[in-house]
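Observations on the model geometry
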Amino acid sequence: MLETERCVLFDLKRADFNDIKKLYFNHDVRKYLGGIVDEAYLLKAAEVMLENEGESHFWVVRERISDSFMGLVSLTPHHDGEYNEVSYQFMPEWWGKGYGREAVRVVIKYGFMELNLPKIIAETQTANEASCRLLEWAGMEREKTLLRFGAEQAVYSIQR
């Protein structure tokens, strides 16, 4: 479990599936993440998330006061294979209030302090201006832009 002033991040459990489903079936959440997915895809993805040991970490984010589901944050090997990537999805009602920044910062701290990672990256579409701002507010700097997944992506990084 990780904690911020307003959030608690719990290791992902099978019981969280219905909450996770809300993220993957929400058009606004998935706008810059390849779109909504079907249930079969989500079931496979959830199994991978639940069975992942060691290199990958997935946390369900809940509001400290209400225990309301807010989103999902992960720290996993980036598909380029060199560094670990912090990723996040939050329900729209929690956007723009600093919760994502809090959650991302505590996961970055965990990566540096507990996993001894030298560098953590994040990748987001440049069109997702709110996500770019969140990463910058979390202390990350834009390292490069590239075309991937049919869109211009910004790769951010932070070093220990």
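Shown above is the structure to which this text applies.
Described in the following lines is the structure provided in the data block. (Residues numbered from 1 in each chain as written. Predicted model: local features only at pLDDT ≥ 70, side-chain atom pairs only at ≥ 80, totals over all residues. Heavy atoms only, no water.)

A closer look at empty space enclosed by the protein
What counts here: The way it works is a 1 Å grid over only the protein atoms, where trapped points that fit a 1.4 Å probe form a cavity and open points with protein on both sides within 12 Å along at least five of seven lines form a pocket, and then any residue with an atom within 4 Å of a point lines it. Grid points are joined across faces, edges and corners, and a volume is the space filled by probe spheres set on the points. Segments assigned H or I by DSSP are reported as helices when at least four residues long, segments assigned E as strands when at least two residues long, and all are numbered from the N terminus. Note that Gly is not counted as nonpolar here; it falls among the polar residues with everything else outside the nonpolar set of Ala, Val, Leu, Ile, Met, Phe, Trp, Tyr, Cys and Pro and the charged set of Asp, Glu, Lys and Arg.
Inspection of every chain in the model, using the stated rule, returns 1 cavity of 30 Å³ or more. Empty space within the largest cavity amounts to approximately 40 Å³. If you go around the largest cavity, the residues you meet are L12, K13, R14, D16, F17, I20, A46 and L50. Elements with a contribution of two residues or more to the lining of the largest cavity: α1 (17–24) and α3 (39–51). For the lining of the largest cavity, the residue count by class is 5 nonpolar, no polar and 3 charged.

Side note on the layout of surface pockets
Looking at the largest pocket, its volume works out to about 1,500 Å³. R30, L33, S87, Y88 and Q89 are, among the 49 residues lining the largest pocket, the residues nearest its centre. Within the lining of the largest pocket, the residues separate by chemical class into 24 nonpolar, 16 polar and 9 charged. Counted as a void, the second largest pocket has a volume near 240 Å³. As for the second largest pocket, its lining consists of 14 residues, of which D11, N52, S56, H57 and F58 are closest to the centre. Residue assignment for the lining of the second largest pocket shows that the elements contributing at least two residues are α3 and β3 (57–63). At 3 residues, the largest contribution of residues to the lining of the second largest pocket is made by β3. In terms of residue class, the lining of the second largest pocket is made up of 8 nonpolar, 4 polar and 2 charged.

Structural notes on the packing of α1 against α3
Filter applied, for reference: Lines fitted to the C-alpha atoms define the axes, with helices restricted to the stretch that makes contact. Angles between their N-to-C directions range from 0 to 180 degrees. Angles below 35 degrees are treated as roughly parallel, those above 145 as roughly antiparallel, those between 65 and 115 as roughly perpendicular, and all remaining angles as oblique. Helix crossings fall into two classes, left-handed where the near helix is turned counterclockwise from the far one by less than a right angle and right-handed where it is turned clockwise. We call two residues contacting when some pair of their heavy atoms lies within 4.5 Å.
Put simply, α1 and α3 touch, their axes get as near as 11 Å, and they point 125 degrees apart. Comparing the axis directions of α1 and α3 gives the class oblique. Read as a crossing pair, α1 and α3 show a hand that is right-handed. Within the contact between the two elements, α1 uses F17, I20, K21 and Y24 and α3 uses E39, L42, L43, A46 and M49. Among the residues forming the contact of α1 with α3, the class breakdown is 7 nonpolar, no polar and 2 charged.

Examining the pattern of salt bridges
For clarity, the threshold we go by: Just to be clear on terms, a salt bridge is a Lys or Arg side-chain nitrogen sitting within 4 Å of an Asp or Glu carboxyl oxygen. A 1.4 Å probe rolled over the protein chains alone gives each residue an accessible area, and that area as a share of the maximum for its type sets the label: buried under 20%, exposed over 50%, partly exposed in between.
What the rule picks out here adds up to 10 salt bridges. Close ionic contact of R62 with D19 constitutes a salt bridge, the shortest N to O distance being 2.7 Å. Placement of R62 in strand β3 and of D19 in helix α1 is noted, with a sequence separation of 43 residues between them. Per residue, the accessibility class of R62 equals that of D19, and both read buried. In this structure, R148 engages D80 in a salt bridge whose closest nitrogen and oxygen atoms are separated by 2.9 Å. A residue pair is termed long-range when its members are at least 10 positions apart, and R148 in strand β7 (residues 141–148) and D80 in the loop between β4 (69–77) and β5 (84–90) qualify at 68 residues. Judged by relative accessible area, R148 falls into the buried class, the value being 17%. Here the residues in one salt-bridge network are D16, D19, K22 and R62, joined through shared partners.

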